[in-house]
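Tertiary structure, described
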Amino acid sequence: MAELKIRGVRKRFADTTILHGIDLDIADGEFIVFVGPSGCGKSTLLRTICGLEGPDEGTIAIGGRDMTNVPPAQRGIAMVFQSYALYPHMTVYENMAFALKLAGTPPATIRDKVLAAAASLRIEALLERKPKELSGGQRQRVAIGRAIVRHPEVFLFDEPLSNLDAALRVQMRIELKHLHRTLKSTMVYVTHDQVEAMTLADRIVVLRGGKVEQVGAPLELYNRPDNVFVAGFMGSPAMNFLRGAADGDGAIALAAGGSVAPPAAAGLAAGAPVTLGLRSEHVVLAAGGDGVPAVVQNVELLGDFSYVYLQTESSGEALVARADSNSTWHPGQRATLGAPPHCWHLFDSDGKARR
Ligand SMILES: Nc1ncnc2c1ncn2[C@@H]1O[C@H](COP(=O)(O)OP(=O)(O)O)[C@@H](O)[C@H]1O
Ligand SMILES: [Mg+2]
């Protein structure tokens, strides 16, 4: 069993606090992704789990054992970084076998383990090559293979796909997911890319400025973000936001004109400032009639659908709407926009979701 318990972890570098008391429970066999903007402390948290950094306060337990002061090599974990750092003079086989050889593992056992790992990563045909004879994706697979042969209970990945081109990233994402199903190990994965987080994770931890903003399954975060930050970070294009004020009667008057009545607006005091959120796929565009008046700024044709970029007429707020690919919206055209009441997200003046 390799569940992780992170309790009250704080980390400072000189005078700057990087992690502000992180509490997390990660279940055995779970694929958990830390996501957040660059510099929010993802790598520092991962390195603290791994033991490359010691926390100033708090504890890390793995499989029920307090590991806070245990050296990295004895934690039963393996880490895969963005830069794969393979030994250039060794073959793929030797690279994968290296740690086992150091540990004094019998050659026959090493062979079995390397061949099994190579099969799971589909690199059996590459075992005699040197790293310079491999593509970026193949090298990254070898780096993962080096981790697999050690049979860690927990894998830690720090942006392992960031150096790969877009198509290869998609392919490796699918393979990592497959690998997780096969190995059933606990995997903790760091990325700044919310698409990677959405597609890989059983649960996502959204970090910002060294604090946990929200933890949940990908669709939970997408559909029920706890605050404006998570709402804006998860999803591409980002959620649209509009300013408004409660009318005290269960409706919100928009700065952009018109009013909407999402269920969560009930009970808000008259005049309370709010932010309304609306996903691009929920925007309903019309050529006239009721709704928020806006002007089309740009249209992106993506084949199966289009993104229509708009600016509200009176408040100058920017929005994007997902439209049918055969719609005929064009820049300069006036439109009105709206959405079914339950599609609007409502955030109070502190940015917290109101439900
Ligand atoms: N060894 C270090 N010494 C001083 N500051 C550091 C060190 N490592 C990271 N930091 C700082 O801590 C913050 C978080 O870094 P990091 O955890 O690498 O962020 P992320 O992985 O989310 O991009 C950054 O501001 C970074 O500059
Ligand atoms: Mg990092």
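About the criteria used
Residues numbered from 1 in each chain as written. Chains lettered and ligands numbered in written order. Predicted model: local features only at pLDDT ≥ 70, side-chain atom pairs only at ≥ 80, totals over all residues. Heavy atoms only, no water. Buried < 20%, exposed > 50% of the residue type's maximum accessible area, 1.4 Å probe, protein only. Helix = DSSP H or I, 4+ residues; strand = E, 2+ residues; numbered from the N terminus. Expected span 1.5 Å × (residues − 1). Arc of directions from axis to C-beta. Contact = heavy atoms within 4.5 Å. Polar contact = N/O pair within 3.5 Å; in protein donor to acceptor, adjacent residues only side chain to side chain. Pairing = 2+ DSSP bridges. Domains from an automatic or database assignment. Buried area = accessible area lost by both parts, 1.4 Å probe. Salt bridge = Lys/Arg side-chain N within 4 Å of Asp/Glu carboxyl O. Nonpolar A, V, L, I, M, F, W, Y, C, P; charged D, E, K, R; others polar. Phe/Tyr/Trp six-rings, centres within 6.5 Å; stacked < 30°, edge-to-face > 60°.

Quick look at helix H1 (residues 42–50)
By the criterion of burial, H1 is predominantly enclosed, with 7 of the 9 residues buried. Every buried residue of H1 is listed here: Lys42, Thr44, Leu45, Leu46, Thr48, Ile49 and Cys50. One or two steps after H1, the chain reaches Gly51, where phi turns positive at roughly 100°.

What to know about helix H3 (residues 107–121)
Between the first and last C-alpha of H3 there are 21 Å, a value that for 15 residues agrees with the 21 Å anticipated at 1.5 Å per step. Listing the buried residues of H3 in full gives Ile110, Val114, Ala117, Ala118 and Leu121. Viewed along the axis of H3, the buried residues span an arc of 100°, placing them on a single side of the element. Within H3, the exposed residues directed more than 90 degrees away from the buried face are Ala108 and Asp112. The elements touched by buried residues of H3 are helix H2 (92–102), helix H4 (136–148) and helix H5 (166–183). Looking one or two residues beyond H3, the residue adopting positive phi is Arg122, at roughly 55°.

Notes on the side chain of Thr68
With respect to the element layout, Thr68 can be found in the loop between strand S5 (65–66) and strand S6 (77–80). On the basis of relative accessible area, Thr68 is assigned to the buried category, the value being 12%. Looking at Thr68, its side chain comes within polar contact range of the main-chain nitrogen of Ile60, at 3.1 Å. Those residues within four positions of Thr68 in sequence are excluded, and the remaining contacts are Pro55, Gly58, Thr59, Ile60 and Arg75.

Things to note about the sheet that holds strand S14 (residues 273–278)
In space, the 6 strands of this open sheet follow the order S13-S12-S11-S14-S20-S21, with antiparallel pairing throughout. In this open sheet, the two strands that pair with only one neighbour each are strand S13 (259–260) and strand S21 (353–354).

Digging into the domain arrangement of the protein chain
The domain boundaries assigned to the protein chain delineate domain 1 (4–232) and domain 2 (240–354). In this structure, domain 1 and domain 2 have C-alpha centres spaced 39 Å apart. Each partner contributes residues to the interface: domain 1 has 9 residues there, and domain 2 has 8 residues. Both sides together, the interface formed by domain 1 and domain 2 hides about 720 Å², and carbon and sulfur atoms give 58% of it. The largest share of the area that domain 1 buries against domain 2 comes from Tyr222, Val228 and Ala231, three residues that together contribute 63% of it. Across the domain 1-domain 2 interface, the total number found is 0 salt bridges. Linking domain 1 with domain 2 are 4 residue pairs in polar contact (both at pLDDT 80 or more). Residues belonging to the side of domain 1 that touches domain 2 are distributed by class as follows: 5 nonpolar, 3 polar and 1 charged.

A closer look at the packing of aromatic side chains
Per the stated rule, a full pass over the model turns up 7 aromatic pairs. With a centroid separation of 5.9 Å and an interplanar angle of 45°, the aromatic rings of Phe31 and Tyr189 are classed as tilted. A residue pair is termed long-range when its members are at least 10 positions apart, and Phe31 in strand S3 (residues 31–35) and Tyr189 in strand S8 (residues 186–191) qualify at 158 residues. A relative accessible area of 0% places Tyr189 in the buried class. For the pair Phe155 and Phe157, a centre-to-centre distance of 5.9 Å together with 5° between the ring planes defines the contact as stacked. Residue Phe155 shares its accessibility class with Phe157, and that shared class is buried.

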